[in-house]
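Examination of the molecular architecture
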Amino acid sequence: MATKVLPQPERAEIRVESVLQALGEPVRLTIVRALADNPAGVCCGDIELPVTASTRAHHLRILREAGVLSTHTDGTRRISILRREDLEDLYPGLLTGILSAKQ
């Protein structure tokens, strides 16, 4: 089966306001922390969250559209990967600071 990358902003289109807004929600921050621990990516359903599948999909879409993560298909699975390099190049230290903050 062919891999398909879901729509996301190009690096130059990522805006700090969108990134901060996306990261300001606890469930989305949990997703980002899980992706930071798994650089190869995570299947969307493998991240344990206290929300329904549709709410999970909504949070993943917000993060993807903000440029925080990239999602591609692998057969019937959707794999999300943190866009660490893009975020670090655009906003040095931002992601590191957020991930190191107390939970």
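A few points on the structure. Here the residue index of a chain counts from 1 through its sequence in written order. Reporting of local features is limited, given that this is a predicted model, to residues whose pLDDT is at least 70; pairs of side-chain atoms are given and counted only at 80 or more, and all residues count toward the totals for whole chains, interfaces and linings. Heavy atoms from the whole structure form the basis of all side-chain values; hydrogens and water molecules are not counted.

This part covers the nonpolar core. Membership of the largest hydrophobic core comes to 25 residues, with the highest contact counts inside it found for Ile-31, Leu-63 and Val-68. Residue assignment for this core shows that the elements contributing at least two residues are helix 1 (16-23), helix 2 (26-36), helix 3 (53-66) and helix 5 (94-100). Counting residues per element, this core draws most heavily on helix 2, at seven residues. By definition, residues are in contact when any of their heavy atoms lie within 4.5 Å. Aside from chain neighbours lying at most four places away, what touches Ile-31 is Ile-47, Leu-49, His-59, Leu-60, Leu-63 and Leu-69. The set of buried Ala, Val, Leu, Ile, Met, Phe, Trp, Tyr and Cys residues whose side-chain atoms join them within 4.5 Å is what this entry labels a nonpolar core. A 1.4 Å probe rolled over the protein chains alone gives each residue an accessible area, and that area as a share of the maximum for its type sets the label: buried under 20%, exposed over 50%, partly exposed in between. Helix and strand labels come from DSSP, where a helix needs a run of H or I of at least four residues and a strand needs a run of E of at least two; each type is numbered from the N terminus.

Now for the pairing of strand 2 (residues 69-74). Most of strand 2 is tucked away: five of the six residues are buried. Paired strands, in this sense, are two strands between which DSSP finds at least two bridges. Where strand 2 meets strand 3 (residues 77-82), six bridges bridge the pair, whose relative direction is antiparallel. Across the sheet, the residue bridging to Leu-69 is Leu-82, located in strand 3. Two successive antiparallel strands, strand 2 and strand 3, enclose a turn made up of two residues, where Gly-75 displays a positive phi of approximately 70 degrees.

On to helix 3, then. Every α-helix carries 3.6 residues per turn, so stepping three or four residues along brings you back to the same face. What a helix is expected to span follows from its residue count: subtract one and scale by 1.5 Å. Here helix 3 spans 20 Å end to end across 14 residues, near enough to the 20 Å set by a 1.5 Å rise per residue. Backbone geometry just downstream of helix 3 places Gly-67 in the positive-phi region, at approximately 90 degrees.

Purely geometric stuff here, so don't read any function into it on its own.
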